[in-house]
Protein chains: 4
Amino acid sequence: MALRAGLVGVTGYTGMELVRILAGHPSLRLSAAASRGNAGSRLEEVYPFLRGLPCGGIVLTAPDASSLAAECDVIFLAVPHGVAMETGAALYDAGARVVDLSADFRLRDASVFTAWYKTVHSRPDLLASAVYGLPELNAPAIRESRLVANPGCYPTASILALYPALRHDLIRADDIVIDAKSGASGAGRALEPNMLFCEVQDSFRPYKLGQHRHTPEIEQELSLLAGKALTVSFNPHLLPVNRGILATIYTRLKKSVPQEEIQALFEQTWAGSPWVRVLPPGRLPETRNVRGTMFCDVAVVADTRADRLIIVSAIDNLCRGASGQAVANANLMCGLPPADGLSFAPLLP
Amino acid sequence: MALRAGLVGVTGYTGMELVRILAGHPSLRLSAAASRGNAGSRLEEVYPFLRGLPCGGIVLTAPDASSLAAECDVIFLAVPHGVAMETGAALYDAGARVVDLSADFRLRDASVFTAWYKTVHSRPDLLASAVYGLPELNAPAIRESRLVANPGCYPTASILALYPALRHDLIRADDIVIDAKSGASGAGRALEPNMLFCEVQDSFRPYKLGQHRHTPEIEQELSLLAGKALTVSFNPHLLPVNRGILATIYTRLKKSVPQEEIQALFEQTWAGSPWVRVLPPGRLPETRNVRGTMFCDVAVVADTRADRLIIVSAIDNLCRGASGQAVANANLMCGLPPADGLSFAPLLP
Amino acid sequence: MALRAGLVGVTGYTGMELVRILAGHPSLRLSAAASRGNAGSRLEEVYPFLRGLPCGGIVLTAPDASSLAAECDVIFLAVPHGVAMETGAALYDAGARVVDLSADFRLRDASVFTAWYKTVHSRPDLLASAVYGLPELNAPAIRESRLVANPGCYPTASILALYPALRHDLIRADDIVIDAKSGASGAGRALEPNMLFCEVQDSFRPYKLGQHRHTPEIEQELSLLAGKALTVSFNPHLLPVNRGILATIYTRLKKSVPQEEIQALFEQTWAGSPWVRVLPPGRLPETRNVRGTMFCDVAVVADTRADRLIIVSAIDNLCRGASGQAVANANLMCGLPPADGLSFAPLLP
Amino acid sequence: MALRAGLVGVTGYTGMELVRILAGHPSLRLSAAASRGNAGSRLEEVYPFLRGLPCGGIVLTAPDASSLAAECDVIFLAVPHGVAMETGAALYDAGARVVDLSADFRLRDASVFTAWYKTVHSRPDLLASAVYGLPELNAPAIRESRLVANPGCYPTASILALYPALRHDLIRADDIVIDAKSGASGAGRALEPNMLFCEVQDSFRPYKLGQHRHTPEIEQELSLLAGKALTVSFNPHLLPVNRGILATIYTRLKKSVPQEEIQALFEQTWAGSPWVRVLPPGRLPETRNVRGTMFCDVAVVADTRADRLIIVSAIDNLCRGASGQAVANANLMCGLPPADGLSFAPLLP
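This one's a predicted model, so the numbers in the text were calculated from it and none came from an experiment.

1. Here's the deal with the overall build of chain A
Then, number 1: Each helix and strand counted, chain A has 11 helices and 13 strands in total.
Then, number 2: The C-alpha radius of gyration of chain A comes to 20 Å, within 12% of the 20 Å expected for a compact globule of 349 residues.
Then, number 3: Its C-alpha atoms give chain A principal-axis dimensions of about 65 × 45 × 40 Å.
Then, number 4: Within chain A, buried positions represent 65% of all 349 residues.
Then, number 5: Sequence-distant contacts in chain A: of pairs separated by 6 or more residues, those separated by 24 or more amount to 70%.

2. Observations regarding the environment of alanine 306 of chain D
Residue and element names in this part refer to chain D.
Then, number 1: Mapped onto the elements, alanine 306 comes out in the loop between strand S12 (296-303) and strand S13 (308-315).
Then, number 2: Alanine 306 gets classed as buried once you look at its relative accessible area, which sits at 10%.
Then, number 3: With 54 residues separating them along the chain, alanine 306 and arginine 252 place their C-alpha atoms 9.7 Å apart.

3. Digging into the packing of helix H1 (residues 13-22) of chain B against helix H11 (residues 319-333) of chain B
In a packed pair of helices, the relevant descriptors are the angle between the two axes and the axis-to-axis distance.
All names here are of chain B.
Then, number 1: Look at H1 against H11: their axes get within 9 Å of each other, and the N-to-C directions meet at 50°. As far as their axial angle goes, H11 and H1 are oblique. Considering only the axes of H1 and H11, their crossing is right-handed. Across the interface between the two elements, Thr14, Glu17, Leu18, Arg20, Ile21 and Leu22 of H1 pack against Cys319, Ala322, Ser323, Gly324, Ala326 and Val327 of H11.

4. Topic: the relation of the copies chain C and chain B
Copies of the same chain, two in number, are related to each other by a rotation about an axis and a translation along it.
Then, number 1: Between chain C and chain B, which share one sequence, the superposing operator has a rotation angle of 180° and an axial displacement of 0.0 Å; the RMSD is 0.0 Å. In the structure described here, the two chain copies are related by an operation that fits a two-fold rotation axis.
Then, number 2: Taken as a fraction of all interface residues of chain C, those also at the interface in chain B reach 100%, which identifies the copy contact as same-surface.

5. Topic: the nonpolar core
Taken as a class, soluble globular proteins show a tendency for nonpolar side chains to be buried jointly.
Then, number 1: Core analysis: the largest hydrophobic core is formed by 111 residues, its most contacted members being Leu43, Tyr47 and Phe76 of chain A together with Tyr47 and Phe76 of chain C.
Then, number 2: Listed in part, the 110 residues of the second largest apolar core include Ala139 of chain B together with Phe49, Cys55 and Val327 of chain D.

6. Things to note about the sheet that holds strand S2 (residues 28-34) of chain B
Where strands meet in a sheet, backbone hydrogen bonds hold them as pairs that are either parallel or antiparallel.
All names here are of chain B.
Then, number 1: Strands sit in the order S2-S1-S3-S4-S6-S5 across an open sheet of 6 strands; the sheet is parallel. In the strand order of this sheet, the two ends are held by S2 and strand S5 (131-132), each with one partner.
Then, number 2: Direction of pairing for strand S1 (residues 3-8) relative to S2: parallel, over a ladder of 6 bridges. Opposite valine 8, over in S2, you have alanine 34 as the bridge partner.

7. Details of the side chain of aspartate 175 of chain C
Then, number 1: Counting through the fold element by element, aspartate 175 of chain C comes out in the loop between helix H7 (153-167) and strand S7 (177-182).
Then, number 2: The buried category is assigned to aspartate 175 of chain C, whose relative accessible area is 1%.
Then, number 3: Aside from chain neighbours lying at most four places away, what touches aspartate 175 of chain C is Arg252 and Arg308 of chain B together with Tyr250, Thr251, Arg252 and Arg308 of chain C.

8. Concerning the interface of chain A and chain C
Then, number 1: Contact with chain A, which involves 19 residues of that partner, is made by 19 residues of chain C.
Then, number 2: Roughly 1700 Å² of surface becomes buried between chain A and chain C when both sides are summed, with 63% attributable to carbon and sulfur atoms.
Then, number 3: When the buried area of chain A at its contact with chain C is split by residue, Leu191, Leu196 and Phe197 of chain A rank highest and sum to 39% of it.
Then, number 4: Inspection of the region where chain A meets chain C yields 2 salt bridges.

9. As for unusual backbone geometry
What is expected of a backbone is that most residues other than glycine have negative phi and most peptide bonds are trans.
Then, number 1: A cis amide bond links leucine 348 of chain B to the next residue, proline 349 of chain B, at an omega of -15°.
Then, number 2: Considering the arrangement of structural elements, one finds proline 349 of chain B in the segment after H11.
Then, number 3: Positive phi, close to 55°, is recorded for aspartate 202 of chain B, a residue that is not glycine.
Then, number 4: Within the element layout of this structure, aspartate 202 of chain B appears in the loop between helix H8 (197-200) and strand S8 (205-206).
Then, number 5: One non-glycine residue, lysine 118 of chain C, lies in the positive phi region at around 55°.
Then, number 6: You can see lysine 118 of chain C is positioned in the loop between helix H5 (110-117) and strand S5 (131-132).
Then, number 7: Given the relative accessible area of 67%, lysine 118 of chain C is considered exposed.

10. Overview of the domain arrangement of chain A
Residues and elements named next belong to chain A.
Then, number 1: Segmenting chain A into domains produces domain 1 (3-129) and domain 2 (154-317).
Then, number 2: Inter-centroid distance (C-alpha atoms) of domain 1 to domain 2 is 27 Å.
Then, number 3: Taken residue by residue, the interface counts 14 residues in domain 1 and 14 residues in domain 2.
Then, number 4: For the pair domain 1 and domain 2, the two sides together bury roughly 1200 Å², of which 53% comes from carbon and sulfur.
Then, number 5: Looking only at domain 1, the three residues that lose the most surface to domain 2 are Tyr13, Arg106 and Trp116, adding up to 48% of its buried area.
Then, number 6: Taken together, domain 1 and domain 2 are joined by 2 salt bridges.
Then, number 7: Among the secondary structure elements, those contributing two or more residues to the side of domain 1 that touches domain 2 are helix H1 (13-22) and helix H5 (110-117).
Then, number 8: The leading source of residues in the side of domain 1 that touches domain 2 is H1, at 4 residues.
Then, number 9: Within the side of domain 1 that touches domain 2, the residues separate by chemical class into 7 nonpolar, 3 polar and 4 charged.

11. Some remarks on the pairing of strand S7 (residues 177-182) of chain A
Residues and elements named next belong to chain A.
Then, number 1: Of all 6 residues in S7, 6 are buried, a share of seventy percent or more.
Then, number 2: The side-chain alternation of S7 yields two buried faces, one formed by Val177, Asp179 and Lys181 and the other by Ile178, Ala180 and Ser182.
Then, number 3: Strand direction decides the pairing type here: S7 and strand S10 (residues 245-251), joined by 6 bridges, are antiparallel. Bridge pairing in S10 places aspartate 179 opposite threonine 248.

12. Quick notes on the packing of aromatic side chains
Then, number 1: The full count for this structure, using the stated rule, is 18 aromatic pairs over all chains.
Then, number 2: Between phenylalanine 197 of chain B and phenylalanine 197 of chain D the ring centres are 5.6 Å apart and the planes differ by 10°, which places this aromatic pair in the stacked class. Of this pair, phenylalanine 197 of chain B sits in helix H8 while phenylalanine 197 of chain D sits in helix H8 (residues 197-200), placing the two residues on different chains.
Then, number 3: Judged by relative accessible area, phenylalanine 197 of chain B falls into the buried class, the value being 1%.
Then, number 4: Directly above the ring of phenylalanine 344 of chain A sits arginine 20 of chain A, whose terminal nitrogen or CZ lies 4.9 Å from the centroid.

13. A short note on the pairing of strand S1 (residues 3-8) of chain D
All names here are of chain D.
Then, number 1: In the classification by handedness, the crossover that spans S1, the intervening helix H1 (residues 13-22) and the parallel strand S2 (residues 28-34) is right-handed.
Then, number 2: Relative to strand S3 (residues 74-77), S1 runs parallel, the two sharing 4 bridges. From the neighbouring strand, valine 8 faces S3, where its bridge partner is leucine 77.

14. Remarks on the interface of chain C and chain B
Then, number 1: With 49 residues of chain C in contact, the opposing surface of chain B contributes 49 residues.
Then, number 2: Carbon and sulfur atoms make up 53% of the surface buried where chain C meets chain B, a total of about 3800 Å² over both sides.
Then, number 3: Of all residues in chain C, Asp202, Phe204 and Arg305 of chain C bury the most surface against chain B, accounting for 17% of the area lost on that side.
Then, number 4: Counting across the interface, chain C meets chain B through 14 salt bridges.

15. Some words on helix H10 (residues 259-269) of chain A
Residues and elements named next belong to chain A.
Then, number 1: What H10 keeps buried is the set Ile262, Gln263, Leu265, Phe266 and Thr269. Relative to the axis of H10, the buried residues are bounded by an arc of 160° and lie together on one face. Exposed side of H10, more than 90 degrees from the buried face: Glu260 and Gln268 are the residues found there.
Then, number 2: Packing partners of the buried residues in H10 comprise helix H7 (153-167), strand S11 (276-278), strand S12 (296-303) and strand S13 (308-315).

16. Section: the environment of alanine 128 of chain C
Residues and elements named next belong to chain C.
Then, number 1: With respect to the helices and strands, the residue alanine 128 is situated in the loop between H5 and S5.
Then, number 2: For alanine 128, a relative accessible area of 72% gives the class exposed.
Then, number 3: Residues alanine 128 and leucine 147, 19 residues apart in the sequence, show an inter-C-alpha distance of 10.0 Å.

17. Here's the deal with the sheet that holds strand S2 (residues 28-34) of chain C
Residue and element names in this part refer to chain C.
Then, number 1: Within the open sheet, the 6 strands sit side by side as S2-S1-S3-S4-S6-S5. Their pairing is parallel. Single-partner strands in this sheet number two, and they are S2 and S5.
Then, number 2: Sheet topology places strand S3 (residues 74-77) next to strand S4 (residues 98-100); 3 bridges connect them, and they run parallel. Each bridged residue has a counterpart across the sheet, and for isoleucine 75 the counterpart in S4 is valine 98.

Quick notes on the rules
- Residues numbered from 1 in each chain as written.
- Chains lettered and ligands numbered in written order.
- Predicted model: local features only at pLDDT ≥ 70, side-chain atom pairs only at ≥ 80, totals over all residues.
- Heavy atoms only, no water.
- Helix = DSSP H or I, 4+ residues; strand = E, 2+ residues; numbered from the N terminus.
- Rg over C-alpha atoms; globule rule 2.2 N^0.38 Å.
- Buried < 20%, exposed > 50% of the residue type's maximum accessible area, 1.4 Å probe, protein only.
- Contact = heavy atoms within 4.5 Å.
- Axes fitted to C-alpha atoms, helices over the stretch in contact; angles between N-to-C directions.
- Parallel < 35°, antiparallel > 145°, perpendicular 65-115°, else oblique.
- Left-handed = near helix turned anticlockwise from the far one by under 90°.
- Least-squares fit on C-alpha atoms with pLDDT ≥ 70 in both.
- Core = buried A, V, L, I, M, F, W, Y, C linked by side-chain atoms within 4.5 Å.
- Pairing = 2+ DSSP bridges.
- Buried area = accessible area lost by both parts, 1.4 Å probe.
- Salt bridge = Lys/Arg side-chain N within 4 Å of Asp/Glu carboxyl O.
- Domains from an automatic or database assignment.
- Nonpolar A, V, L, I, M, F, W, Y, C, P; charged D, E, K, R; others polar.
- Phe/Tyr/Trp six-rings, centres within 6.5 Å; stacked < 30°, edge-to-face > 60°.
- Lys NZ or Arg CZ within 6 Å of the ring centre and 35° of its normal.
- Right-handed = clockwise from strand over helix to strand, strands pointing away.
- Arc of directions from axis to C-beta.

Structure (structure tokens):
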């Protein structure tokens, strides 16, 4: 008998991706979907691609915390920053298990949240209870939690790439540049003129250099791993693709270590992981190789000539970087195997 | 205990798609893969996206009909036209169940094959044994067959669109124009200068107007449905997308029928189908809505002003139009439920 | 000494394209630009790509008919349907030469306008004065006119393709299907959810089958050419490309004519044209071959097997299908050579 | 009376772009085109987009140094590395003015060439005569030269971006990372499986991290500017776009300088340039804003929080990064104004 999942927020790409994933989940079934703007519609009217799938017939309701909490084993929040802290707190207070895909519960320090998000946090008391939902690093805590802050897409790609280097103390942690490139679905489905097809297609651009809101999240988690406060230079760019993040990370070795040894340390670190794939020497990640999946492909290149260690990672920003990771967290919270319903092969081409 | 599937031919997109689908199949397991050029390699060396999946470790062998026939419950042929007739015949003669993704066994009449493919058929004796593998129309025969000719991508989209109209004798069968548009994966992975990225991206072109080899296949099957010989005007175009076929079909009603009645006949015809989705009035197919799936979305529009009946269909050319349909056929041949392992939700965006 | 051009409306793609073209025009200089929403800004603030070009420094003003009419030799209207009829009439009444890129003055019959555009025409008196601005067909009238209705993009591609066939009475004029495909810039720059990058990229869809507003415009002009009222089946689709229209037109020959003769008639008809290129047998149009130019590439294929005559045309919807054609009309109205400033080579890839 | 230009090599994208540019050049006319493989064809048969343009009728000849040298005022070499050194030397010896678009004459030191290109240079004696053809830096020497080595696309974007910082001694020259992203036309038109449409579309990948052949070229020229030997970390990526390079360059200030002062120094440095556009604070380059042009858009961002100076530049790799720059060099060599025939406005969208 499948567990029941609820979804609040259905107009964005992360909501769409959650429904896609849950449509094939063997033990977690979408049983309720709430949306302020579309209450009364069937889900397949909002998402025409769902026609013919069982979940397509679900009738959207107005969000109601107590009934959702009563009816669902776990609830996914796919609503904007700022809204999520209210809805998430109401659901948490009503006793629900909550996976929040927004940024509202990711930062430990409410003042850092305010500084980067220009919003006062209405429920700072919950920040200590929320667990940062990166399954590879925090599975035990996630299992025990009722409030999981699902990581951002860029932080997921960045942290998984840097973790082996920090854990084995290979790099100069004060010298990290992350040059990240994301597909357009990362910008969400809001109506922005510069996200129209003709503004993105056949072009490429950076944005918010040094100012993206995922920066403090990356720094918070890397600092925990490094055991000291880190500052990173994080710089995003917009790719004319639907899905995919590729991060090229520039750092330096603390001391000379042979490429083979670095490669071996990366491979050992992720040897037990179902999803992080350390590529063999000579291979580099491509976003298409992880399309639609939970995989994070990682390569490490020691460029001794230029005295740099380059780490490259690629994920699907919507699956691994958002909704798939949310389902992994829900699996853990509900006592299911973490990879349940998440063993997708990449869709190529 | 899963049945064993073999694959001959791994360098093309249909081979890649077969492996993607079989990687998630609950009861059919890829157990052998053969390739003339890559024997000795592991599958994940040819397809880097397979790393971390069980099938990635399969070692490619040189094709050998008798051992494949002995070891596999069903064998997929993803080799070029002309090669398939030899390999397919050898496997068939060795007692295997064969699903051939090439065109070699699709046409009943060897002289029609020769006329369009400029090749003499080496095994015309097998044409009568081969079953045209469109599950919606031919499931009983497919179940009994050991040699299934997997339909072409354009014919799949065209026949499923026109079937309700022909079955209910709605249209003037001598007046059918199919304007079809396909993504670039339909051209296969051969090295053609005009298939380089910069020759296709941000452009659009027709090709082989009135001369595409899928024409006689479409005519053969539509003629069977209509009960008389039909000629269609079939005209393909190349889309700058990876996957997807959309066919816009122009015909005329035999006599005036209200739009609602036509809609109802289309819906009734496909009411029992797991995969053909007749869209409600006002909705039109989009290739993204079927991406990565077995769905065929169909809409019918009666334009009384211009005296045309317009039928639109969309499929994923690699999944529904090739490898997914091949797996459906294999399911039927092996006594499995036809939709086993094929219940994908579309990947959007 | 260059003539002075004015522009009303700068937020859309046709405005952008006008400025691009005028930036290189030897005898027509952009001297004034008006925009309700951006008055006071410099043009390069609205269009960052203009920095470093002389026109980038033009300061936008609020639209004022009398001062624009006084200061400009010709004025381009790149404002929405409905607005253009008011602004265009005011400029015309003030004595200006006007090239209107909207649909407001294209249809001779105000009731047809109302039927398709769901708007009552406020200045039907001007419809008889307006000239349909297709230079190949109407150059003499354009030269004498002060109000030119610049053709729609789809009609431009359709009429130029069909003109030789109608002029030489080759086809059955009651049997014309136009299957047209347009790049996304044809939809303009308005904020529509289904025009976001992720809704268009790697997908393809038809829209408004049999109901597009360019239908009566095509029928009006083809009827004039045929000498009798025609109805066409016009069906547009959205391509995931920035620019480009390709129309595949299906009709039938009145009587059998050899392919060579048809080819010769098409070539003769367009022999004197600087822009219509009839391709040699075996070649088919591609949108990239006309990118950024005034060219209209045309191919004609007689498919005797299926009893169809297929005519294919390709244009750049923004240049030939809108702003470039508008400049050609302005050239004619101002007594300049029609191709002045318009001899672009295509940008490939 | 126009000067006569010759072209050797017509099968690649740089050859196509040269012809596009020369088609609109007021004082330099393509008068001869040579190609080993296509001798006897008309240019428009190789490049269908040229139909209807005067140069389309040029008949290709087999390359012959003495006749080309005799008939042309300047000759462009658009042939592969290794071939160019032979052909270029022959033309130079025959007295011609040569602009070589390959890498063969860019590196001063033949041993560096051999180390990176794995080829022994057959004419090292000419390296001292060749001038590195970056017009902004070397115009006087280019004017006097008969052999100009046209810069690589990545070096053009990198050097123009870093020049103001090095000239004003703002940065730590031992700490430069260039993360560069290029459209697919940069890979040329050779038939590589991984350049097929379906291998590039909707994906993104790095390649040759720390090992790209443009690295020594960048280092050579930056070292000249810095007055000491520099090593840079240069890392290219492949974008799913036709044209465009965007380089994101990470370095550090030598000492604290206010952002306004850095901005002012960049603006002053490029104040006289017709093509380098230093963007105002808050604006960042996009490849579309330079499409089809000679512009190099540059932005500089001082991220004091992360202690980085970030410089971003964007060019069109085919125009500014290859053929347009070659024409600028030819203009200088022939005594023409450098921007003659090169004042393109960008093509957007």
